[in-house]
There are 2 protein chains.
Amino acid sequence: MRLEKMMNNTPVTLKFLAEKLKMSVSTVSKALNNYPTINEYTKQRVQEMARDLHFTPNKSAINLKEKKSHIIGIILPNLLDHFFTRSIYGVEQFATQNGYNVIISQSHDDLEKEIQSANMLLRSRVDGLIVAISKHTQDFAHLDQFENMGIPVVYYTRNPSFNLSCHKVLGNTFQGCYQATKFLIDRRHKKIAYLGGPKMINFTHDRFNGYINALKDNQIPFSSELVAYTDFDKENTISAIKNLFANPENMPTALVAFKEPILFDAIKYLRSINHPNFDKIECIGFGNTSFISYLDSPPIASIEENPESVGENAIKLLIQLINKEIDIQHYQKIMVDCKLIVHG
Amino acid sequence: MRLEKMMNNTPVTLKFLAEKLKMSVSTVSKALNNYPTINEYTKQRVQEMARDLHFTPNKSAINLKEKKSHIIGIILPNLLDHFFTRSIYGVEQFATQNGYNVIISQSHDDLEKEIQSANMLLRSRVDGLIVAISKHTQDFAHLDQFENMGIPVVYYTRNPSFNLSCHKVLGNTFQGCYQATKFLIDRRHKKIAYLGGPKMINFTHDRFNGYINALKDNQIPFSSELVAYTDFDKENTISAIKNLFANPENMPTALVAFKEPILFDAIKYLRSINHPNFDKIECIGFGNTSFISYLDSPPIASIEENPESVGENAIKLLIQLINKEIDIQHYQKIMVDCKLIVHG
DNA sequence: AACTACATTTCAAACGTTTGAAATAATTGC
DNA sequence: GCAATTATTTCAAACGTTTGAAATGTAGTT
């Protein structure tokens, strides 16, 4: 059933093939790489022998010679977040097509771990880096190292908020939030609450601005009572929700939330306290989680952030930078639009 | 703010350091690797210079020399499945601690893609491979290549069902299902249905056996009417559920399901048809998804498969094999127990 | 037969590191 | 002051590949 093992302790290298074929190493190399100066018949013989002996070129040697690793590094906070896993789809596919491997490294939103990952990837001489920074990254020395060595870096999603010159690929989170708010306004809501995320994450503000601008553009008065913030902690979310629904004079009939798990906590809470108009409240959050179909009180719509597309744009930009089709100093910024998905 | 770029086109290598310091390359190398034969003061000078010039050893060169890549490959079907992403936690952590990088490659349950991934990892000369095979893998030539070259392979979770001799790390899915069934029996259920997964996946049968054995050990009669199978398709699940609940004489009061998303589909369906005893039916599925807390009719318990532990066991075994602490031909099988998590 | 022109193969250096053996320098004992 | 140790540094080969330049081989032309 199983191929008998050779356990051949002499590894099959170019040299080994050359000896077997009684020709020079360079002929073998060139034959395998289909050089035009090599005789057709020779090529055939070499290729056949290579196949029979299961020759596999040694990547380390090639990398050393070519000064390329054919590896792209990704640093991201967390693989449990579907946004990131979905974004990897986009990256991986395009990378593979272009002959690159991908090393994924999780920072677990820990700066120390992020630095470690960066150093490890630097030692591995990745040809390029895609990174979504941790919540706590303020200093960028560990990432600047790459550009200092001429290795391009693309920041995606989570990126330095202050205007550090760097390549960025971002979800158009402003537009997403604007669209969601507009959708609720069109459904005749006047009291639309906004539940924001951690203030340290830079796009929290973009989302808020989307909300505000939609209100403004449609002459809906803004009320600060209708805005609250939470981190990802459940307790925290519940107390934010309590605040939003505290004033009977100013009771929200709709809610836009920073992220779906937070929204689910909010919905669950409102339901648990038997909020009088619970059935009327319409909610929208960022994410478009697949589990929504199992909820009994699902959000009316989701803001789909198209993570695959974000990933794809990041890798495409990175490869252009690697190939020097774009100058590394000519910083790019790409925005990927969100899409409102109406459920039911 | 940002470090001024050197954009130094001469890369900082051992040779470069050696010239700067006016000593030989080998002294520099040995100083950096803390050889006892090197003078303390020399070491200091070298290390200082290395730090100042941001020397980063070239991994490709080291790998070539050492005939090691310090890379471990993982092939798995899918990163969207939380079982796999969670298992990576275990792998990554232990791998990093031991100086290995991890390249993750998704097969998307496609044999062709799996073969491609395997070949790519082979070219990269990974030091070891951890693999959860695709649904369609029948032939193992692409994976046997590794062992033929002396590279150890550990199959985890999804593995060749027939008794191919190989290293395996598996969830003890029999025990998990037994325990779940026993739990329901203890709650006085007599009619416990079993909703199985795709028959091609090998542990489908182990789970079924856990179910059957729990019934047998507790003198509950088995009825084939109470067993149905589904793949991951929703239509398919619903028709399976219809069959299970078809006979009014033999109506289940409890359900054990192969995987939680399937179970959620089942619950949703039963609810949608207003099944008369819906509130009484108690369900358990494999997975322990975090979303359970948002469901209105949650399963009474979940079978936690401890994916982190599965991953950790796989990497530990692999590293032992790499270090030849275990003979590669001495095939190991490790079972990781499941744990029943009772909700509410 | 000698020359050119081309086809094909081989040489040799390079990529950046490691490491045992050899060389050199410094220290000790007498 | 000189051999014998010991401490420290350097040499040189190796890992497996690529690639421009040089060498060789083969025809074709005169």
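Owing to the predicted nature of the structure, the values given are computational and were not obtained by experimental measurement.

Engineer: Outline the side chain of Q175 of chain A, listing residues and values.
Structural biologist: Assignment of secondary structure puts Q175 of chain A in helix α8 (residues 173-186). Within the local environment of Q175 of chain A, its side chain forms a polar contact with the backbone nitrogen of C338 of chain A, the two atoms lying 2.8 Å apart.

Engineer: Any chance you could break down the pattern of salt bridges for me, citing the residues and the numbers?
Structural biologist: For the structure shown, the criterion picks out 22 salt bridges over all chains. Between K259 of chain A and D81 of chain A there is a salt bridge whose closest N-O contact spans 3.6 Å. With K259 of chain A in the loop between β8 (254-257) and α11 (260-272) and D81 of chain A in the loop between β1 (71-76) and α5 (82-97), this pair connects stretches of sequence that are 178 residues apart. Across the pair E308 of chain B and R86 of chain B runs a salt bridge whose closest N-O atoms are separated by 2.9 Å. Taken together, the residues E308 of chain B in helix α12 (residues 307-322) and R86 of chain B in helix α5 (residues 82-97) connect sequence positions 222 residues apart.

Engineer: Describe the packing of helix α10 (residues 234-244) of chain B against helix α11 (residues 260-272) of chain B, and please don't skip the residues or the numbers.
Structural biologist: Residues and elements named next belong to chain B. Where α10 meets α11, the axes come as close as 9 Å, and the angle between the chain directions of the two elements is 60°. The pairing of α10 with α11 is recorded here as oblique in orientation. Between α10 and α11 lies a crossing of right-handed hand. Facing α10, whose interface residues are K234, T237, I238, I241 and K242, α11 presents I262, D265, A266, K268, Y269 and L270. Tallied by class, the residues present in the contact of α10 with α11 amount to six nonpolar, one polar and four charged.

Engineer: Explain the relation of the copies chain A and chain B to me, and be specific about the residues and the numbers.
Structural biologist: Both copies of the chain are related through a single rotation about an axis accompanied by a shift along the same axis. With an RMSD of 0.1 Å, the operation that places chain A on chain B is a rotation of 180° combined with a shift of 0.0 Å along the axis. Look at the turn and shift together and you get a two-fold axis relating the two. Residue by residue, 98% of the interface of chain A is reproduced at the interface of chain B, so both copies engage with the same surface.

Engineer: Describe the state of the cysteines, naming the residues involved and giving the relevant values.
Structural biologist: Residues and elements named next belong to chain B. Scanning all chains against the criterion turns up zero disulfides over all chains. Considering cysteine sulfurs only, C338 is the nearest to C166, which forms no disulfide, with 19 Å between them. Judged by its relative accessible area of 6%, C166 is buried. In this structure C338 is a free cysteine whose sulfur lies 9.0 Å from that of C177, the closest cysteine sulfur available.

So, how was this worked out
Residues numbered from 1 in each chain as written. Chains lettered and ligands numbered in written order. Predicted model: local features only at pLDDT ≥ 70, side-chain atom pairs only at ≥ 80, totals over all residues. Heavy atoms only, no water. Helix = DSSP H or I, 4+ residues; strand = E, 2+ residues; numbered from the N terminus. Polar contact = N/O pair within 3.5 Å; in protein donor to acceptor, adjacent residues only side chain to side chain. Salt bridge = Lys/Arg side-chain N within 4 Å of Asp/Glu carboxyl O. Axes fitted to C-alpha atoms, helices over the stretch in contact; angles between N-to-C directions. Parallel < 35°, antiparallel > 145°, perpendicular 65-115°, else oblique. Left-handed = near helix turned anticlockwise from the far one by under 90°. Contact = heavy atoms within 4.5 Å. Nonpolar A, V, L, I, M, F, W, Y, C, P; charged D, E, K, R; others polar. Least-squares fit on C-alpha atoms with pLDDT ≥ 70 in both. Disulfide = S-S within 2.5 Å. Buried < 20%, exposed > 50% of the residue type's maximum accessible area, 1.4 Å probe, protein only.

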